[in-house]
Every structure is written in structure tokens, then in C-alpha cells.
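Examination of the molecular architecture
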Amino acid sequence: MLAFALIYVSVANAQNVTTNASNAMGNASANANQTAGNITNKTGEAGQGIGGLLGNLSEKIKEGIGAK
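Residues numbered from 1 in each chain as written. Predicted model: local features only at pLDDT ≥ 70, side-chain atom pairs only at ≥ 80, totals over all residues. Heavy atoms only, no water.

Tallying secondary structure elements over the chain gives one helix and zero strands in all. By the burial criterion, 0% of the 68 residues in the chain qualify as buried. (Helix = DSSP H or I, 4+ residues; strand = E, 2+ residues; numbered from the N terminus. Buried < 20%, exposed > 50% of the residue type's maximum accessible area, 1.4 Å probe, protein only.)

Spelled out as C-alpha cells, the structure:
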């Protein structure tokens, strides 16, 4: 009975260690994905800002030379 109890506790402990490691990897992956998403969003926002600036600049140049 004692041998069974020791084996059972050892297996349960090994399962906990494996689960904890798996959860840690899942959390790290989720954090990396969130960071990549945030970078993508910021890059898109910067691109929109630059596009708007260039569009406004183009309109000002057209106005300055009298073109439509």
C-alpha cells in the first residue's frame, strides 16, 4: 500500500509539473501574440497618420500651384 501511495504521489507531482510548464508556455505565447498585435496596431496607426499628412500636403501643393 505504501509503495502504491508513493507511486501515486510521484505521478501526480509529475503531472502538476508538466501542467505548470505547459501553462507557462501558453501564457508566454499569448503575451507574445498580444505584443505582436499591439505593434501591428501601432504601425497601422502610424501609417494612417503619415498617409493623412501626405494627402494634406498634396492638397496644399495643388492649391499653391492652382491645380485641382
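Moving on from the coordinates now.
Glancing now at the pattern of salt bridges. For the structure on display, the rule yields two salt bridges. Linking Glu45 and Lys42 is a salt bridge whose minimum nitrogen-to-oxygen distance equals 3.7 Å. With Glu45 and Lys42 both in helix α1 (residues 2–65), this residue pair falls three residues apart, about one helical turn. Owing to a relative accessible area of 56%, Lys42 belongs among the exposed residues under this scheme. A salt bridge links Lys62 to Glu59, with the shortest nitrogen-to-oxygen separation between them at 3.9 Å. Of this pair, Lys62 and Glu59 both sit in helix α1, separated by three residues, roughly a single helical turn. Of the residues examined, Lys62 reaches a relative accessible area of 33% and is grouped as partly exposed. (Salt bridge = Lys/Arg side-chain N within 4 Å of Asp/Glu carboxyl O.)

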